[in-house]
Amino acid sequence: MAWHRRNFLTQVLIPSLFTKRSGDEAAPRFPKIRPGEYAITWIGHASFLIQTHDYNVLIDPNWARWLKVIKRLKQPGFEIHHLPDIDLVLVTHAHFDHLDRRTLRRIASDQPIVVPVGVGNLVHDLGFNIVHELDYWQTVELGSLKISLTPCHHWGARFLADLHRGFGGFVIEANGRGIFHCGDSAYFPGFKEIGERHDIEIALLPIGAYDPPSGREVHMNPEEAVQAFLELRAKKLVPMHYGTFRLGYEPLDEPLSRLLARAREAGIHHDVLVMTEGQPVVL
Ligand SMILES: [Zn+2]
Ligand SMILES: [Zn+2]
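Not measured: the values here are computed from a predicted model.

Draft legend 1. Main features of the overall build of the protein. The number of helices and strands found in the protein is five helices and 15 strands. Whereas a compact globule of 283 residues would reach a radius of gyration of roughly 19 Å, the protein reaches 18 Å, a difference of no more than 12%. The principal-axis extents of the C-alpha atoms in the protein amount to approximately 60 × 45 × 40 Å. The proportion of buried residues among the 283 residues of the protein is 43%. For the protein, the proportion of contacts with a sequence separation of at least 24, taken over those separated by at least 6, is 64%.

The structure is reproduced here in C-alpha cells:
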C-alpha cells in the first residue's frame, strides 16, 4: 500500500535542513608520537588522520558541509587549517562522502595520493605529486609505511554510468602494526582473508547507512561490523561512518547503540574504541 512506502525526501532530507549542526571545531592538541606508536584522530564520517612518529596520513578526508542535497549534521572535528603537514592521502572510493575534490584540493601539496584503480582521474589535477592506483592486494611503500588495498563488497560509481571505478579498503602497516580502514562495505566473507593476509590490530569499521533509500545491501549494519571484527581477528574496533550524514533511514544515534549492545553480547565491548571527532587517541 502506497502510504506505507517510506519517503527519503520528507522523512530524512527535509527534516535535516532544520537540524542544527552539532559539534565544534576547536584546534586539536596533536600528541607527540613516539616510535612504534600510532595517533588516530577521527575527523568525522569516514575521515581519519593517522599519525606515526614519521608520517601523517589522511584517509577519505572530507570537510564538506553538504553532499549535494544531504546536509552534514555534525561539524568536522577540527578545521582543515589545523592539520599538520600531510605526507600521504588515501581515498577508498569515488563516492561523494569519501572523495571530496574540494577538500582534496586544499590538502594537496605535492605529496602522493593512493586510490583504487579507475579513480585516479578524479584526483590527478588537484596538486598531488603522484597518483598511485592500486588493485586488490597491491601495495605501495612510503618509507616505513606499507599501504595495501583490500577488497570489499560495495560499488564505486560516482555517477550512474561510471561503473569502471574501483573501490576498497586500506591496510596501513608500520613497525609491525596494522591499521585497517574498511572503506564502505556490505558484510562479506572476505574479512577473514584480509585478517589472514594482514596482521590487523586496529580496525576502523563502518556501522551506519545500513538502511539506505535504494534498499541495496552495500553497507554493514552494526551487528555485521562486530562479525567482521571477529573475522579480521583485530584487537580494537573503531566505529565510523555514522553520526555525520544521514545516508539511510536509520536515526543518527542508532548505529552506535546497536554496536555497543552487540559488542556486549559478544563479550568484546572492552575492545570497542568509540572516538570523538577532533580528539586524538594514541595507541
Ligand atoms: Zn560508498
Ligand atoms: Zn560511504
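The structure having been displayed, the exposition proceeds.
Draft legend 2. Structural context of the sheet that holds strand S11 (residues 169-174). With mixed pairing, six strands are arranged side by side in an open sheet as S9-S10-S11-S12-S13-S14. Strands with a single pairing partner mark the edges of an open sheet, and in this sheet they are strand S9 (139-142) and strand S14 (236-240). The average angle at which neighbouring strand axes cross in this sheet is 20 degrees, direction not considered. In this structure, S9 lies alongside strand S10 (residues 145-150), joined through four bridges in antiparallel fashion. Across the sheet, residue Thr-139 finds its bridge partner in S10, namely Ser-148.

Draft legend 3. A look at the packing of helix H3 (residues 190-197) against helix H4 (residues 222-232). One can describe the packing of H3 onto H4 by two numbers: an axis separation of 7 Å at closest approach and a directional angle of 35 degrees. Remark: the crossing between H3 and H4 carries right-handed chirality. Here Phe-191, Lys-192, Ile-194 and Gly-195 of H3 lie close against H4, whose contacting residues are Ala-228, Glu-231 and Leu-232. Considering only residue class, the contact of H3 with H4 consists of four nonpolar, one polar and two charged.

Draft legend 4. Spotlight on the pairing of S14. Most of S14 is tucked away: four of the five residues are buried. Both strand S13 (residues 202-206) and S14 contribute to a ladder of five bridges, which runs parallel. Among the inter-strand pairings, Leu-205 is bridged to a residue of S14, identified as Pro-239. Running through H4, the crossover from S13 to the neighbouring parallel element S14 is right-handed.

Draft legend 5. Region of interest: the packing of H4 against helix H5 (residues 254-266). The geometry of H4 relative to H5 is characterised by a closest axis approach of 8 Å and an angle of 45 degrees between their N-to-C directions. When the axis of H4 is compared with that of H5, the two are oblique. The element H4 and its partner H5 pack so that their crossing is right-handed. On the side of H4, the interface is formed by Pro-222, Glu-223, Ala-225 and Val-226, while H5 contributes Pro-255, Arg-258, Leu-259, Arg-262, Ala-263 and Ala-266. Class assignment for the residues of the contact of H4 with H5 results in seven nonpolar, no polar and three charged.

Draft legend 6. Structural context of the environment of Ile-194. Mapped onto the secondary structure, Ile-194 falls in helix H3. Residue class for Ile-194 comes out buried when judged on the 25 C-beta atoms lying within 10 Å of it. If sequence neighbours within four positions are ignored, Ile-194 has contacts with Thr-150, Phe-180 and Leu-232.

Draft legend 7. Structural view of the sheet that holds strand S3 (residues 56-59). Strands sit in the order S8-S7-S6-S3-S2-S1-S15 across an open sheet of seven strands; the sheet is mixed. In this open sheet, the two edge strands, each paired with only one partner strand, are strand S8 (130-134) and strand S15 (281-282). In this sheet, strand S2 (residues 47-51) lies alongside strand S1 (residues 39-44) in antiparallel orientation, the contact comprising five bridges. For Ala-39, the partnering residue across the bridge sits in S2 and is Gln-51.

Draft legend 8. The arrangement of the environment of Gly-120 in detail. Mapped onto the fold, Gly-120 is located in the loop between strand S7 (112-116) and S8. Sequence spacing of Gly-120 and Leu-160 is 40 residues, and the spatial spacing of their C-alpha atoms is 18 Å. The residues touching Gly-120, leaving out its near neighbours within four places in the chain, are Val-115, Val-131 and Glu-133.

Draft legend 9. Broad picture of the nonpolar core. Counting 62 residues, the largest nonpolar core has Phe-180, Ala-203 and Leu-205 as its most contacted members. Ranked by residues supplied to this core, first place goes to H4 with five residues.

Draft legend 10. Here's a closer look at H3. Those residues of H3 that fall on the buried side of the exposure criterion are Phe-191, Ile-194 and Gly-195. What you see down the axis of H3 is that its buried residues fit within an arc of 95 degrees, all on one side. Those residues of H3 that are exposed and angled more than 90 degrees off the buried face are Glu-196 and Arg-197. Contacts made by the buried residues of H3 are with S10, strand S12 (177-181) and H4.

Criteria and thresholds
- Residues numbered from 1 in each chain as written.
- Chains lettered and ligands numbered in written order.
- Predicted model: local features only at pLDDT ≥ 70, side-chain atom pairs only at ≥ 80, totals over all residues.
- Helix = DSSP H or I, 4+ residues; strand = E, 2+ residues; numbered from the N terminus.
- Rg over C-alpha atoms; globule rule 2.2 N^0.38 Å.
- Buried ≥ 20, exposed ≤ 12 C-beta atoms within 10 Å, placed from the backbone.
- Contact = placed C-beta atoms within 7 Å.
- Pairing = 2+ DSSP bridges.
- Axes fitted to C-alpha atoms, helices over the stretch in contact; angles between N-to-C directions.
- Left-handed = near helix turned anticlockwise from the far one by under 90°.
- Nonpolar A, V, L, I, M, F, W, Y, C, P; charged D, E, K, R; others polar.
- Right-handed = clockwise from strand over helix to strand, strands pointing away.
- Parallel < 35°, antiparallel > 145°, perpendicular 65-115°, else oblique.
- Core = buried A, V, L, I, M, F, W, Y, C linked by C-beta atoms within 7 Å.
- Arc of directions from axis to C-beta.

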